[in-house]
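Read off the chains here:
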Amino acid sequence: MLLNPRLVKESFAFIEPAAVPAATYFYGRLFAESPHLRGMFPPAMDVQRDRLFSALTRIVWSVDSPATLASYLGQLGRDHRKYGVLAEHYSAVGNALIATARRFAAEIWSTEMEAAWVAAYRAAADLMIEAARSDEGVAPAWWPAEVIDHECRTADIAVITLRPAQPLPYQPGQYVNVQTARWPRVWRAFSIANAPRADGTMRLHVRAVPGGWVSGTLVRHTRAGDTVTLGPAMGGMTPSHDTGRDILAVAGGTGLAPLKAIVEHVIRSGHRPAIHLLYGARRTGELYDLPDLDRMRAGYPSLRVLPVISDQPGYDGVRGRLPDVVGRFRSWREHVAYVCGPSAMVNETVRRLQQGGMPLTRIHRDTVPGEP
Ligand SMILES: Cc1cc2nc3c(=O)[nH]c(=O)nc-3n(C[C@H](O)[C@H](O)[C@H](O)COP(=O)(O)OP(=O)(O)OC[C@H]3O[C@@H](n4cnc5c(N)ncnc54)[C@H](O)[C@@H]3O)c2cc1C
């Protein structure tokens, strides 16, 4: 059966605007046909539905970029080991997915389209299954990790240091999914805020969102000595191979975490680029990591840290929204950029950098959806 990216994309354009009902239908169908799979998922399915759709969107739109897709599906396959997903579960998921596509793209559905979806799903599932299989025996499906330090930096933000029981390999800029004992089967992504260390410890910067299950638990109900569970490292915003260029890092809120890991890595690497780190918050009290950044700067004078405050009229430093400040500050045309924070801020900053002449290939980005 032949892969036909055009037909998959064409039908997905019909499904995408109906993201919520389509994801609800998908899970309803999956659990009706395979009730034994329900136990792998959390009681509340809202975040799961969003995740399904963002993963599906990403897969469909990169279906004709095999290298990007293979790397993403490999990460996804390895990550799914932590849920207890086995090769035989994939056919049930495939049946529910294709039934969903058939229903929500009914207006244009055809035999060829169905064949294109079956072939695309088969190829994606094979990549995930293969990645999970080659990970078995090499890495655990999940890592218990002890909380060895818990520091409340503001009323809502904690910096948490973890020691995984076994080495957890990762690259600077990646994130891990975290499960707390309080909310079994509820996993949330948090960026790792340091470059890999010899002792294997890792730091997370966590903002408690209002009513947030995992973030609230991590900030307010977690102490040194507690244990959390981690999935494997994921994410593609890793240090650029273009090491000859100066660096611009633009961080909104806890979007600072992965950028700090990348900056730490670059400083240690022995390349000596100039690094500008623009660190945005609404008010000065939210700049929860300035003392640490000052320490980094003291050890590496080519690092310039520029706090940017958007919502405090009396502030006498740089004021404004991060994308505006990036746009008016100077030319970044020759730099490599890393941008992380809320999605609106990231999209707008990337747009400004492109307008200023920076090619998209030199802009590395990730979003922190929990950020306001
Ligand atoms: C790749 C990636 C990396 C991430 N890295 C980090 C990180 O380093 N640090 C970090 O703190 N978070 C990070 N996040 C966000 C994190 O994964 C969670 O989404 C966030 O902590 C909320 O999870 P929760 O379980 O506490 O809230 P949920 O239980 O999922 O949500 C509870 C309620 O709060 C709402 N809600 C969610 N966000 C907000 C908000 N900002 N304001 C108001 N209401 C909100 C939800 O819609 C829901 O109604 C990252 C996310 C991704 C995808």
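Residues numbered from 1 in each chain as written. Predicted model: local features only at pLDDT ≥ 70, side-chain atom pairs only at ≥ 80, totals over all residues.

### Brief notes about the domain arrangement of the chain
Quick reminder of the rule: The source of the domain bounds is an automatic or database domain assignment. A residue pair is marked as a contact if its C-beta atoms, positioned from the backbone, fall within 7 Å. The way it works is that DSSP assigns letters per residue, a run of H or I at least four long becomes a helix, a run of E at least two long becomes a strand, and they are numbered from the N terminus. Residues were grouped as follows: Ala, Val, Leu, Ile, Met, Phe, Trp, Tyr, Cys and Pro as nonpolar; Asp, Glu, Lys and Arg as charged; and all remaining residues, including Gly, as polar.
Each assigned domain of the chain is listed here: domain 1 (5-135), domain 2 (143-230) and domain 3 (247-367). Placing the centre of domain 2 and that of domain 3 at their C-alpha centroids yields a distance of 23 Å. Contact residues are listed per partner, giving 14 residues for domain 2 and 14 residues for domain 3. Per-element accounting of the side of domain 2 that touches domain 3 gives the leading share, three residues, to strand β5 (residues 202-207). Tallied by class, residues from the side of domain 2 that touches domain 3 come to seven nonpolar, five polar and two charged.

### Looking at the sheet that holds strand β4 (residues 187-191)
Applicable threshold: At least two bridges found by DSSP between two strands is the condition for calling them paired. Here the axes come from fitting lines to C-alpha atoms, over the contacting stretch only for helices, and the angles between their N-to-C directions go from 0 to 180 degrees.
Read from one edge of the open sheet, six strands run β4-β3-β6-β1-β2-β5, paired in antiparallel fashion. The sheet is open, and its two borders are formed by β4 and β5, each paired with just one other strand. Taking each pair of neighbouring strands and ignoring which way they run, the sheet shows an average axis angle of 40 degrees. Of the strand pairs in this sheet, strand β1 (residues 143-152) and strand β6 (residues 227-230) are connected by four bridges, and their pairing is antiparallel. For Trp143, the partnering residue across the bridge sits in β6 and is Leu230. The strands touched by helix α8 (residues 256-269) within the sheet are β3 (175-180), β4 and β5, with β5 carrying the most contacts at an inclination of about 155 degrees.

### A word on the packing of helix α1 (residues 5-15) against helix α6 (residues 111-135)
The line we're drawing: An angle below 35 degrees is treated as roughly parallel, one above 145 as roughly antiparallel, one from 65 to 115 as roughly perpendicular, and anything else as oblique.
At their nearest, the axes of α1 and α6 sit 9 Å apart, and the two run at 105 degrees to each other. Considered as vectors, α1 and α6 are oriented roughly perpendicular to each other. Two secondary-structure elements touch here, α1 through Leu7, Val8 and Ser11 and α6 through Glu112, Met113, Ala116, Trp117 and Ala120.

### Here we look at unusual backbone geometry
With glycine set apart, most residues show a phi of negative sign, and most peptide bonds adopt trans. Quick note on the threshold: Residues are called buried when their C-beta atom has 20 or more other C-beta atoms within 10 Å, exposed when it has 12 or fewer, and partly exposed otherwise; all C-beta atoms are positioned from the backbone.
A positive phi angle, close to 70 degrees, is found at Arg185, a residue other than glycine. Here Arg185 shows up in the loop between β3 and β4. The exposure class of Arg185 is partly exposed, given the 13 C-beta atoms found within 10 Å.

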